[in-house]
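Residues per chain are reported as follows:
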Amino acid sequence: MSNLLLREFSLVGHRCPIITADHRDYERYRKVWNGVADRRPAAIVRPQSVDDVRKVVHAAAASHALLAVRGGGHSLPGFSTCDGGLVLDLSDLTAIAIDRDTHTIEVGGGALLGDLDRATVPEGFVVPAGVISHTGVAGLTLGGGMGWASRRYGLTIDSLLGAEIVTAAGDVVWASATSEPELFWGIRGGGGNFGVVTRFRFKMHPLGSIVVGQWSYPAANMRQALQALRDRAHGQPRDFTLNFTATATGLSVTAVWSGDAALTHSVLSPFGALTDGGIGSVDKLPYLSLQSRNDEHFAWSRRYYCKGGFWSEITDEVIDAIMLAIADAPTPDSEIYVLQLGGAVSDVPDEATAYTGRGASYYWIAEPVWDVAADDDRCIAWGRITGKSLSQLSMAGNYVNEQADAGTVVALDAYGPEKYQRLACLKTRFDPHNMFRLNQNITPLA
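These numbers were taken from a predicted model, which means no experiment stands behind them. Note on numbering: residues in each chain are counted from 1, in written sequence order. Owing to the predicted nature of the model, reporting of local features is limited to residues with pLDDT of at least 70; listing and counting of side-chain atom pairs is limited to 80 or more, with chain, interface and lining totals taken over all residues. Note that water and hydrogens are dropped before the side-chain values are worked out from all heavy atoms of the structure.

Engineer: Which residues make up the overall build of the protein chain, and what values go with them?
Structural biologist: Helix and strand assignments come from DSSP, with helices taken as H or I runs of at least 4 residues and strands as E runs of at least 2, each series counted from the N terminus. Looking only at helices and strands, one finds 13 helices and 20 strands in the protein chain. Across its three principal directions, the C-alpha atoms of the protein chain cover 70 × 55 × 45 Å. Per-residue accessibility, obtained with a 1.4 Å probe over protein chains only, is compared with the maximum for each type, and a residue is labelled buried under 20%, exposed over 50%, and partly exposed between these values. Per-residue burial over the protein chain gives 58% buried out of 446 residues. The accessible surface values rely on the Shrake-Rupley method and a 1.4 Å probe; as for residues, cover is taken only from the protein chains in view. Taken as a whole, the protein chain presents about 17,400 Å² of accessible surface, with 52% of it coming from carbon and sulfur. Only four residue types enter the tally: Lys and Arg on the positive side, Asp and Glu on the negative side, with His and both chain ends excluded. Just so you know, the charge point we use is NZ for Lys, CZ for Arg, CG for Asp and CD for Glu. Both charge centroids of the protein chain, one from 38 positive and one from 48 negative side chains, sit 4 Å from each other.

Engineer: Give me the lowdown on the domain arrangement of the protein chain, citing residues and values where you can.
Structural biologist: What fixes the domain bounds is an automatic or database domain assignment. Split into domains, the protein chain comes out as domain 1 (3–89), domain 2 (96–207) and domain 3 (211–392). Throughout, a residue-residue contact means that at least one pair of heavy atoms, one from each residue, lies within 4.5 Å. Counting from both sides, the interface comprises 10 residues of domain 1 and, opposite them, 11 residues of domain 3. As a working definition, buried area equals the accessible area (1.4 Å probe) given up by two parts on being put together, with both sides summed. Interface area for domain 1 against domain 3, summed over the two sides, is near 830 Å², with a carbon-plus-sulfur share of 62%. Of all residues in domain 1, the largest losses of buried area upon contact with domain 3 belong to Trp33, Val36 and Leu76, amounting jointly to 61% of the total for that side. Any Lys or Arg side-chain nitrogen located within 4 Å of an Asp or Glu carboxyl oxygen qualifies as a salt bridge. Linking domain 1 with domain 3 are 0 salt bridges. Under the scheme applied here, ten amino acids are nonpolar (Ala, Val, Leu, Ile, Met, Phe, Trp, Tyr, Cys and Pro), four are charged (Asp, Glu, Lys and Arg), and all others, including Gly, are polar. Split by residue class, the side of domain 1 that touches domain 3 holds 4 nonpolar, 4 polar and 2 charged.

Engineer: So, the side chain of Thr386: which residues are in play, and what are the values?
Structural biologist: Here Thr386 is to be found in helix 12 (residues 376–391). Two N or O atoms form a polar contact when they lie within 3.5 Å of each other; inside protein one atom must be a possible hydrogen donor and the other a possible acceptor, and for residues adjacent in sequence the pair counts only when both atoms belong to side chains. Side-chain polar atoms of Thr386 contact the backbone oxygen of Trp382, separated by 2.8 Å. With near-sequence residues (within four places) excluded, Thr386 lies in contact with Ala325, Ile336 and Ala366.

Engineer: Any details on helix 11 (residues 316–326)? Residues and values, ideally.
Structural biologist: Within helix 11 the residues assigned to the buried category are Val318, Ile319, Ala321, Ile322, Met323, Ala325 and Ile326. On its buried side, helix 11 packs onto helix 8 (222–233), strand 13 (240–247), strand 17 (307–311), strand 18 (335–340) and helix 12.

Engineer: Hey, could you go over unusual backbone geometry for me, with residue numbers and the actual values?
Structural biologist: If you check the backbone angles, Glu180 has positive phi at about 55 degrees while not being a glycine. Checked against the element boundaries, Glu180 lands in the loop between strand 9 (172–176) and helix 7 (181–187). A residue is classified by how much of its surface remains accessible, and Glu180, at 25% relative accessible area, is partly exposed. With a phi angle near 80 degrees, Ser301 is a residue other than glycine that sits in the positive phi range. Note that Ser301 resides in the loop between helix 10 (287–292) and strand 16 (303–304).

Engineer: So what's going on with the nonpolar core? Which residues, and what values?
Structural biologist: The definition of a nonpolar core used throughout is a set of buried Ala, Val, Leu, Ile, Met, Phe, Trp, Tyr and Cys residues joined through side-chain atoms within 4.5 Å. Met146, Leu183, Ile187, Phe200 and Tyr287 are the most contacted members of the largest nonpolar core, which totals 74 residues. The biggest single contributor to this core is helix 13 (residues 408–430), with 8 residues. Counting residues domain by domain, this core receives three or more from each of domain 2 (96–207) and domain 3 (211–392). Counting 38 residues, the second-largest nonpolar core is a separate cluster that includes Trp215, Leu242, Trp257 and Ile314.

Engineer: Describe the pattern of salt bridges, naming the residues involved and giving the relevant values.
Structural biologist: Two side chains bearing opposite charge may form a pair once their charged atoms approach each other closely. Within this structure, the stated rule accounts for 26 salt bridges. Across the pair Arg30 and Glu27 runs a salt bridge whose closest N-O atoms are separated by 2.9 Å. Remark: Glu27 and Arg30 occur in helix 2 (residues 26–30); sequence separation between them is 3 residues, near one turn of the helix. Relative accessible area serves as the criterion here: at 9%, Arg30 is assigned to the buried category. Here Glu27 falls in the partly exposed class, since its relative accessible area comes to 36%. The salt bridge involving Asp320 is made with Arg223; its shortest N-O contact spans 2.4 Å.

Engineer: Give me the pairing of strand 19 (residues 362–367): which residues, what numbers.
Structural biologist: Here is the key point about a regular strand: its side chains alternate between the two faces of the sheet. Of all 6 residues making up strand 19, 6 are buried, and the element is well covered by its neighbours. Strands qualify as paired when DSSP identifies two bridges or more between them. In this sheet, strand 19 lies alongside strand 17 in antiparallel orientation, the contact comprising 5 bridges. Bridged to Trp311 within strand 19 is Tyr362. Here 6 bridges tie strand 18 to strand 19, and the two strands are oriented antiparallel to one another. Considered in strand 19, the bridge of Gln340 is made with Tyr362.

Engineer: Tell me about the packing of aromatic side chains, and please be specific about residues and values.
Structural biologist: Between rings of Phe, Tyr and Trp, where Trp is taken as its six-membered ring, a pair exists when centres lie within 6.5 Å; planes separated by under 30 degrees are stacked, by over 60 edge-to-face, and by other angles tilted. Under the criterion given, the structure shown has 9 aromatic pairs. Residues Phe310 and Tyr355 carry aromatic rings whose centres are separated by 6.1 Å and whose planes lie at 75 degrees to one another, so their mutual orientation is edge-to-face. On the criterion of sequence distance, the pair formed by Phe310 in strand 17 and Tyr355 in the loop between strand 18 and strand 19 is long-range, its members being 45 residues apart. Accessibility classification places Phe310 together with Tyr355 in one group, the buried group. A residue is classified by how much of its surface remains accessible, and Phe310, at 0% relative accessible area, is buried. Taken together, Phe310, Tyr355, Tyr363 and Tyr399 form an aromatic cluster joined through their ring pairs. Geometrically, a charge over a ring is one whose NZ (Lys) or CZ (Arg) sits within 6 Å of the ring centre while staying within 35 degrees of the ring normal. Arg422 extends its terminal NZ or CZ atom over the ring of Trp185, reaching a point 3.7 Å from the ring centre.

Engineer: Which residues make up the state of the cysteines, and what are the values?
Structural biologist: To count as a disulfide, a pair of cysteine sulfur atoms needs to be within 2.5 Å. For the coordinates displayed, the defined rule picks out 0 disulfides. We note that Cys379 lacks a disulfide partner, and the nearest cysteine sulfur, in Cys306, lies 14 Å from it. Taking relative accessible area as the criterion, Cys379 reaches 0% and is therefore assigned buried.

Engineer: Provide a residue-level description of the environment of Thr102, including the pertinent values.
Structural biologist: Relative to the helices and strands, Thr102 resides in the loop between strand 5 (96–99) and strand 6 (104–108). C-alpha separation for the pair Thr102 and Met204, spaced 102 residues apart in sequence, amounts to 8.9 Å. Engagement of the side chain of Thr102 in a polar contact is seen with the side chain of Thr104, the distance being 2.7 Å.

In structure tokens form, the structure reads like this:
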């Protein structure tokens with residue numbers, strides 16, 4: 001760590017732990033979820049309070065240190081770490097408080113989705129979020145957030161009521177519909193470009209009981225299964241949602257029903273008979289189990305690349321592209337994952353938030369998953385080739401959270417020129433020197 005940064009830390013009088021390369025816990029704390037992002041920061045700082053965060057941001061700005069902000073550490077491009085810079089690790093800011101009278105919940109910036117679910121689900125509520133429990137609440141929310149409850153209740157940002165943000169100037173700002181509304185617009189999809197979010201306030205929604213159907217189909221029958229799935233998913237009510245995962249060995253389909261119990265069989269059973277060879281069942285499944293069922297597959301320190309996009313529909317051309325790509329998948333765990341959207345996600349006007357893609361019916365991800373560094377080149381190449389192929393059949397706009405490549409082009413593609421310009425104006429106001437640049441970056445205006 002530089003002498004200048006040490007001096008700035010001493011000047012601001014911080015009291016939070018600083019972990020450098022000679023610390024016994026350095027190897028533990030420098031690691032992030034994606035094993036490809038194997039980097040060595042000069043120091044890792046673990047704030048214990050909002051004031052600590054403010055002081056760390058001030059010291060980083062004064063010393064011109066490269067700053068990475070880590071919530072859950074799930075950033076696909078590795079934005080939550082860096083080489084030679086400073087990592088602001090929010091892992092200790094995990095306090096959660098429920099207000100039962102207003103059906104709201106406040107969540108610390110270092111909390112994980114599992115923390116959020118374990119607080120809300122036993123109370124009979126849910127905040128729509130992602131599908132892997134060790135994902136960070138902060139990163140997921142700031143990009144938009146989507147999962148099993150999104151067709152019922154919208155994106156994660158649609159339940160966001162406000163957020164506490166430490167800006168590049170070291171100020172602590174509350175952004176909501178009535179306080180800093182333009183910043184509130186920007187953080188709902190604009191990522192971590194505008195500061196460090198230390199606290200979120202969400203609206204909770206009734207969960208109710210859910211029934212889950214899970215089936216697998218052999219690779220030889222995948223085309224027929226996808227064609228039938230497309231037709232049967234069309235026009236389903238928002239109490240229904242599904243996803244499917246295509247791999248070289250076959251197709252996995254999950255359908256979730258949270259509506260009238262009397263309709264469960266008629267809604268779900270057709271997805272277990274898409275074509276010959278389907279194996280699976282329909283059962284009640286605890287929501288916490290549904291939320292964590294992919295945790296092991298997407299375990300920490302495995303290696304990942306990802307590119308995603310939106311489809312208005314699953315056309316025959318889309319199915320052809322899936323079949324062609326997955327036949328060349330580089331590892332058994334490499335996949336094309338598709339989540340059904342629509343419903344409440346489409347109720348919000350696209351211009352209401354920075355997130356772009358409200359009109360999509362499906363979100364897709366091309367994601368190679370592997371374990372050995374020697375396979376990096378071929379796995380990443382497959383991800384890029386597959387992503388390009390599927391992108392050519394996709395809608396405009398994108399979801400910044402699941403793009404493993406980085407750069408201004410990614411942000412422009414995600415938001416489009418009009419929203420990007422609005423975000424750039426906001427960036428210029430709150431971070432004119434682009435201190436928060438380890439993200440899908442919005443460049444401040446000259």
